[in-house]
Amino acid sequence: MQFQKFLILRVINMSSAVLVPSTGDPFLLKLWFWYFENVWQEEVDKGYISLMPPQSEDRKIVNKFIIDFASKLSKVEIWENPTTSLVEQFKVPMEKCKEELFVYIQEDAFVFK
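Everything quoted here is computed from the prediction, not taken from an experiment.

Comments concerning helix α3 (residues 57–70)
Alright, step 1. Between its first and last C-alpha, α3 extends 20 Å over 14 residues, near the 20 Å set by a 1.5 Å rise per residue.
Alright, step 2. Every buried residue of α3 is accounted for by Asn63, Ile66, Phe69 and Ala70. One side of α3 carries all its buried residues, which in axial view fall inside an arc of 135°. Opposite the packed face of α3, turned more than 90 degrees from it, sit the exposed residues Glu57, Ile61 and Lys64.
Alright, step 3. On its buried face, α3 sits against α2 (26–40), β2 (46–51) and β3 (76–80).

Next up, the structure:
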């Protein structure tokens, strides 16, 4: 229902973005990106993804993998958030967002247009 309202507002030509605070699960994000790229990326002008910071060498490798495949999409801006604070995971994407309209979507939420 909420996404439908978002799409209605989109019709009146407001710029729009999707904000994704992410724990950095590579399997969820790979699937999320597949749906974004193949199903609904034309519904938004920009995507902002905030990853949890790497706390180990393994996490650094995983974040690099995620950033590498996400960076191939021109509509996506992705970065490692410097803090693990859930509040910051939501706050930073909103501060970076310049679009008039935005929607938060978790990495485990999928849009089936």
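Considering the environment of glutamate 77
Alright, step 1. As for its placement among the helices and strands, glutamate 77 is situated in strand β3.
Alright, step 2. Accessibility expressed as a relative area gives 28% for glutamate 77, which makes it partly exposed.
Alright, step 3. Separated by 58 residues in sequence, glutamate 77 and leucine 19 have C-alpha atoms that sit 9.8 Å apart.
Alright, step 4. Ignoring sequence-local partners within four residues, the contact set of glutamate 77 consists of Lys46, Gly47, Tyr48, Ile49 and Lys96.

Remarks on the environment of isoleucine 78
Alright, step 1. Checked against the element boundaries, isoleucine 78 lands in strand β3.
Alright, step 2. The exposure class assigned to isoleucine 78 is buried, which follows from its relative accessible area of 14%.
Alright, step 3. Considering only alpha carbons, one finds isoleucine 78 and serine 50, 28 residues apart in sequence, at a separation of 6.0 Å.
Alright, step 4. Discounting chain neighbours no more than four positions away, the residues touching isoleucine 78 are Ile49, Leu51, Ile66, Ile67, Ala70 and Ser71.

Thresholds applied
- Residues numbered from 1 in each chain as written.
- Predicted model: local features only at pLDDT ≥ 70, side-chain atom pairs only at ≥ 80, totals over all residues.
- Heavy atoms only, no water.
- Helix = DSSP H or I, 4+ residues; strand = E, 2+ residues; numbered from the N terminus.
- Expected span 1.5 Å × (residues − 1).
- Buried < 20%, exposed > 50% of the residue type's maximum accessible area, 1.4 Å probe, protein only.
- Arc of directions from axis to C-beta.
- Contact = heavy atoms within 4.5 Å.

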